[in-house]
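Report on the structure
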Amino acid sequence: MTTSTLATAVGGPALPQERRLVTSIPGPRSQALLARKADAVAAGVGHTAPISAVAAGGGVVVDADGNSLIDLGSGIAVTTVGNAHPKVVEAVQAQVAAFTHTCFMVSPYESYVAVAEALNRLIPGDHAKKSALFNSGAEAVENAVKIARKHTGRQAVVAFDHGYHGRTNLTMALTAKSMPYKSGFGPFAPEVYRAPLSYPYRDGLSGAEAAKRAISQIEKQIGADNLAAVIIEPIQGEGGFIVPADGFLPAIVDWCRSNGVVFIADEVQTGFGRTGAMFASEHFGIVPDLITTAKGIAAGLPLAAVTGRAEIMDASHAGGLGGTYGGNPIACAAALAAIDVFENDDLISRAREIGDLIKGRFTELQAGDARIGDVRGLGAMIAVEFVNAETGEPDAALTAAVAKAAIAQGVIVLTCGTYGNVIRFLPPLSIDDALLAEGLGVVADALAAA
Ligand code: PLZ
């Protein structure tokens, strides 16, 4: 893709596609907002970049002081098609003017059904599928578990080490990491068990070995007869962009299928083109029974879904699933426009190109810098794991320092990982090559200076 000076060609408002710092970060207007935030917003709600955002598009976020920052986070993997993509804006504006809400459970409307049809078509597997729509990733996960329990008549659920599934009570229970997600917020939902993951960089196991270890633990500690579902992110997101070894996921899926256990792929972060396939499950050759989606599905409007085998999805009694806003018409309009962009603008290939650029840059750096322990990921979902050069131990302090310095220099990057030692790259697919390269260069400089 050629470099564009304005974002209009690739989506988003016509913002100059440049990194531009006119004040230090945060500038005075951003500082004023953050002071009001500290007074008005609950202390538990954090923020990564200390700015007051006023516009975003292409590969930039503009703040109230006129700084233009390079966006390598997409609002945590959400604005994959580009922020304020013109087609999404147009669809949302038309829908808002027509009607804002009826509640699908009260007066159904076409866009909800069209999103369900699109999901049923796009999600891996040629079996009969059905979908139900919700508002957030956590709500989708909650509902996938409800559906799996109803279908199997069993209660236990297995989640994995390093897994992240949300902040509601059941999804906190499914999430592995205590700080900041769970600490002090219990008691958590019962009948949730944790199994060991495949984490090739740290465990050195083959996929088959890691699967054997997980399955043996599940059989011994829970028993298949008690198990409704296994839920796993095909690539752990918040946990550190952990790509399991080849064969791990297929072995778990096979075991689930032989034991009547519902296999749920949580593709909230990995879904919708992010990994260079429409769904990450495709990379691993697995066909999940249920898939949860959110984030990239609707380009920033709150929408989530559970999609899966029709006979499982239909297990619930009539009226058993729903919610006031689930599948809101404005969010559905955005989703249909975003799906259209994915399919017509070949964003899947763009995700792969972006991934190659990021991986290339950091693999090159890794050759001369032992603090870069691992560079991994698929498509435009790439992470760098930082370690102590001598011991190989996770280096969270270095990671935080690099991220902080990059943001101060006008590049929004996110960290993640159980050990807090991973910087993850999730740029909007509307970013151009030059801007991406500049953003990566700033991160590389921050690392060199750290
Ligand atoms: N499942 C795989 O990645 C959300 C969390 C940000 P919601 N990840 C971003 C934070 O710190 O709160 C996520 C995910 C996976 C579920 C969720 C939850 O999605 O839309 O945030 O509820």
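Our structure is the block above this text.
So, a few notes on the structure that sits alongside this text. Worth saying up front: this structure is predicted, and the values here are computed from it rather than measured. (Residues numbered from 1 in each chain as written. Predicted model: local features only at pLDDT ≥ 70, side-chain atom pairs only at ≥ 80, totals over all residues. Heavy atoms only, no water.)

1. Considering the packing of aromatic side chains
All told, the structure shown has 8 aromatic pairs when counted by the stated rule. Ring centres 5.7 Å apart and planes at 65° place the aromatic pair Phe-99 and Tyr-109 in the edge-to-face group. Residue Phe-99 is located in the loop between α3 (86–98) and α4 (110–122), and its partner Tyr-109 is located in the loop between α3 and α4; the two are separated by 10 residues in the primary sequence. For Tyr-109, a relative accessible area of 9% gives the class buried. Each ring, one from Phe-104 and one from Tyr-109, has its centre 5.4 Å from the other, and the planes form 85°; the classification is edge-to-face. Put simply, the rings of Phe-99, Phe-104, Tyr-109 and Tyr-112 pair up and form one aromatic cluster. A cation sits over an aromatic face here: Lys-182 above Phe-188, 5.1 Å from the ring centre. (Phe/Tyr/Trp six-rings, centres within 6.5 Å; stacked < 30°, edge-to-face > 60°. Helix = DSSP H or I, 4+ residues; strand = E, 2+ residues; numbered from the N terminus. Buried < 20%, exposed > 50% of the residue type's maximum accessible area, 1.4 Å probe, protein only. Lys NZ or Arg CZ within 6 Å of the ring centre and 35° of its normal.)

2. A look at the site of the ligand
Taken together, 15 residues are adjacent to the ligand, and Gly-137, Ala-138, Arg-167, Asp-266 and Gln-269 come closest. Here an oxygen atom of the ligand sits 3.3 Å away from a polar atom, N or O, in the side chain of Tyr-164. Between the ligand and Gln-269, the relevant distance is 2.9 Å, taken from an oxygen atom to a side-chain nitrogen or oxygen of the residue. Alone, the ligand offers 510 Å² of accessible surface; in the complex the protein occludes 83% of this. Along the lines of polarity and charge, the residues of the shell around the ligand split into 5 nonpolar, 5 polar and 5 charged. (Near = heavy atom within 4 Å. Polar contact = N/O pair within 3.5 Å; in protein donor to acceptor, adjacent residues only side chain to side chain. Areas by Shrake-Rupley, 256 points an atom, 1.4 Å probe, with all protein chains shown as cover. Nonpolar A, V, L, I, M, F, W, Y, C, P; charged D, E, K, R; others polar.)

3. Details of unusual backbone geometry
That bond from Ile-25 to Pro-26 is cis: its omega, 0°, falls within 30 degrees of zero. Structurally, the position occupied by Pro-26 is in the segment before α1 (28–40). At the junction of Gly-186 and Pro-187, the peptide bond is cis and its omega measures out at 5° in the coordinates. For Pro-187, the position within the fold is in the loop between α6 (169–174) and β6 (192–195). For Phe-241, which is not a glycine, the phi torsion comes out positive at approximately 55°.

4. Here's the deal with empty space enclosed by the protein
This structure, assessed with the given rule, holds 1 cavity of 30 Å³ or more. Within this model, the largest cavity holds a volume of roughly 40 Å³. In this structure, the largest cavity is lined by His-162, Gly-163, Tyr-164, Thr-175, Lys-177, Tyr-181, Glu-238, Gly-239 and Thr-418. (1 Å grid on protein atoms, 1.4 Å probe; cavity = no way out; pocket = protein on both sides within 12 Å on 5 of 7 lines; lining within 4 Å. Points joined across faces, edges and corners; volume = space filled by probe spheres on them.)

5. Considerations on helix α8 (residues 207–221)
Across its 15 residues, α8 extends 21 Å between first and last C-alpha, which sits within 8% of the 21 Å expected from 1.5 Å per residue. Among the residues of α8, those classed as buried are Gly-207, Ala-210, Ala-211, Ala-214, Ile-215 and Ile-218. Looking down the long axis of α8, one finds its buried residues gathered within 125° of arc, a one-sided arrangement. Exposed residues pointing more than 90 degrees away from the buried face of α8 are listed as Ala-208, Lys-212, Lys-220 and Gln-221. Buried-residue contacts for α8 involve β5 (156–160), β6, β7 (227–232) and α9 (248–258). Two residues or fewer past α8, Gly-223 is found with a positive phi of approximately 90°. (Expected span 1.5 Å × (residues − 1). Arc of directions from axis to C-beta. Contact = heavy atoms within 4.5 Å.)

Geometry only, nothing functional implied.
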